[in-house]
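# Remarks on the overall topology
Okay, here's what each chain looks like letter by letter:
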Amino acid sequence: MLHEALAVAGIRGIVFDKDGTLIRFEETWTPAFWASAEALADDLGRPGLAEALMVAGGWCPDARRILPGTELASGTTDVVARLWRAVAPELPEDAELIPWLDTVWHAQAMAHLTPIDPLPSLFAGLRADGLRCGLATNDSETGARDTAERLGIAPHLSFTVGYDSGHGAKPGPGMLLAAQAAWGLAPAKTAMVGDSPADLAAGRAAGCGLVIGVLSGASGREVLEPLADLLLEDVHRLRL
């Protein structure tokens, strides 16, 4: 079984992405992004601005979804804020817009939070196997910690960071390097699990022993397969 294969590979710690990996991206985040874009458009009295902001960020009107690899799919709040200000320079400056977006997105994402099936038993099983578990997301650290609490996995996590935790953002390796240091594990003893090229690139750059892609998020098999050592339907396959 795969969890036995992890042991054979010497993996002692697993870092998980959050959106698209542990929670369903479209159901959780699309309402959050639309709520913020519409609120900004209303404040400026520009009804058409909401869709313009969403399209700039990666929303495809024809597919009615956020496309993989776009800023809304995997970018950090500061990157989206700068992108949206390029579309509408009259929006508030970054110092005001970034924390406002984080607040709105957090509230909306919590309201629409949709896990990829119940997760506590999976994480309890991984911990019983002797594995350390961590969470590294391009969302805020507050969003990461609150989501973990709501999902019932917080007691099983020994490392949790977001884009604002001081380790940089994915696809950079900083979050993974920080997890490895916190756990006292060599890079080859750790694995990264994620649904996007940014997740897998971060794991590769940090020297993870295994880089595992999941197909539960925005990116398809054709995107992830060349980048991953293993490709799973979802995180629950880790213990099947």
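Structure: see above.
## Digging into the overall build of the chain
Tallying secondary structure elements over the chain gives 11 helices and 8 strands in all. Taking 18 Å as the expected radius of gyration for a compact globule of 240 residues, we find that the chain reaches 18 Å, a close match to that expectation. C-alpha extents for the chain along the principal axes are approximately 60 × 35 × 30 Å. The buried share among the 240 residues of the chain stands at 50%. For the chain, the computed accessible surface area is about 9,700 Å², with 54% contributed by carbon and sulfur atoms. Placing the 18 positive and 31 negative side-chain charges of the chain at their respective mean positions leaves the two points 8 Å apart.

## Quick notes on the packing of aromatic side chains
Two numbers describe a pair of aromatic rings. These are the distance of the centres and the angle of the planes. Under the counting rule described, the total for this entry stands at 8 aromatic pairs. On the numbers, 6.5 Å between centres and 85 degrees between planes, the contact of Trp29 with Trp105 is edge-to-face. One end of the pair, Trp29, is in helix 2 (residues 25-44); the other, Trp105, is in helix 6 (residues 94-111), with 76 residues separating them in the sequence. Trp105 carries the same exposure label as Trp29, and that label is buried. When the centroid spacing of 6.3 Å and the interplanar angle of 70 degrees are considered together, the rings of Phe159 and Trp183 count as edge-to-face. Of the two residues, Phe159 sits in strand 5 (residues 159-161) while Trp183 sits in helix 9 (residues 174-183), which places them 24 residues apart along the sequence. Phe159 sits in the buried class, given a relative accessible area of 10%. Using a relative accessible area of 8% as the deciding quantity, one classes Trp183 as buried. Aromatic ring contacts, followed pair by pair, group Phe25, Trp29, Phe33, Trp84 and Trp105 into a single cluster.

## Here's the deal with the packing of helix 2 against helix 3 (residues 49-57)
Think of two packed helices as two axes; the pair is described by the angle between the axes and how far apart they sit. At a minimum axis distance of 8 Å, the contact between helix 2 and helix 3 shows a crossing angle of 135 degrees. The angle between helix 2 and helix 3 places the two elements in the oblique class. As for how helix 2 packs across helix 3, the hand of that crossing is right-handed. Residues Phe33, Trp34, Ala37, Glu38, Leu40, Ala41 and Leu44 of helix 2 lie in contact with helix 3, whose contacting residues are Leu49, Ala50, Glu51, Leu53 and Met54. Residues belonging to the contact of helix 2 with helix 3 are distributed by class as follows: 10 nonpolar, no polar and 2 charged.

## As for the packing of helix 5 (residues 77-87) against helix 6
In contact at an axis separation of 9 Å, helix 5 and helix 6 are set at 120 degrees when each is read in the N-to-C sense. It follows that helix 5 is oblique to helix 6 by the angle criterion. The handedness of the crossing between helix 5 and helix 6 comes out as right-handed. Only Asp94, Leu97, Ile98, Leu101, Asp102 and Trp105 of helix 6 make contact with helix 5, whose side of the interface consists of Thr77, Asp78, Val80, Ala81, Arg82, Trp84 and Arg85.

## Regarding the pairing of strand 4 (residues 132-136)
Here strand 4 lies mainly inside the structure; 4 of its 5 residues are buried. Of the strand pairs in this sheet, strand 1 (residues 13-16) and strand 4 are connected by 4 bridges, and their pairing is parallel. Bridge pairing in strand 4 places Val15 opposite Gly134. Summarising the sheet, strand 4 and strand 5 pair through 3 bridges and their orientation is parallel. Bridging from a neighbouring strand, Gly134 pairs with Phe159 of strand 5. Chirality of the crossover, the property in question, places the unit of strand 4, helix 8 (residues 141-151) and strand 5 among those that are right-handed.

Scoring rules and cut-offs
- Residues numbered from 1 in each chain as written.
- Predicted model: local features only at pLDDT ≥ 70, side-chain atom pairs only at ≥ 80, totals over all residues.
- Heavy atoms only, no water.
- Helix = DSSP H or I, 4+ residues; strand = E, 2+ residues; numbered from the N terminus.
- Rg over C-alpha atoms; globule rule 2.2 N^0.38 Å.
- Buried < 20%, exposed > 50% of the residue type's maximum accessible area, 1.4 Å probe, protein only.
- Areas by Shrake-Rupley, 256 points an atom, 1.4 Å probe, with all protein chains shown as cover.
- Lys, Arg positive; Asp, Glu negative; His and termini not counted.
- Charge placed at Lys NZ, Arg CZ, Asp CG, Glu CD.
- Phe/Tyr/Trp six-rings, centres within 6.5 Å; stacked < 30°, edge-to-face > 60°.
- Axes fitted to C-alpha atoms, helices over the stretch in contact; angles between N-to-C directions.
- Parallel < 35°, antiparallel > 145°, perpendicular 65-115°, else oblique.
- Left-handed = near helix turned anticlockwise from the far one by under 90°.
- Contact = heavy atoms within 4.5 Å.
- Nonpolar A, V, L, I, M, F, W, Y, C, P; charged D, E, K, R; others polar.
- Pairing = 2+ DSSP bridges.
- Right-handed = clockwise from strand over helix to strand, strands pointing away.

Take it as geometry only, folks, not as evidence of what the structure does.
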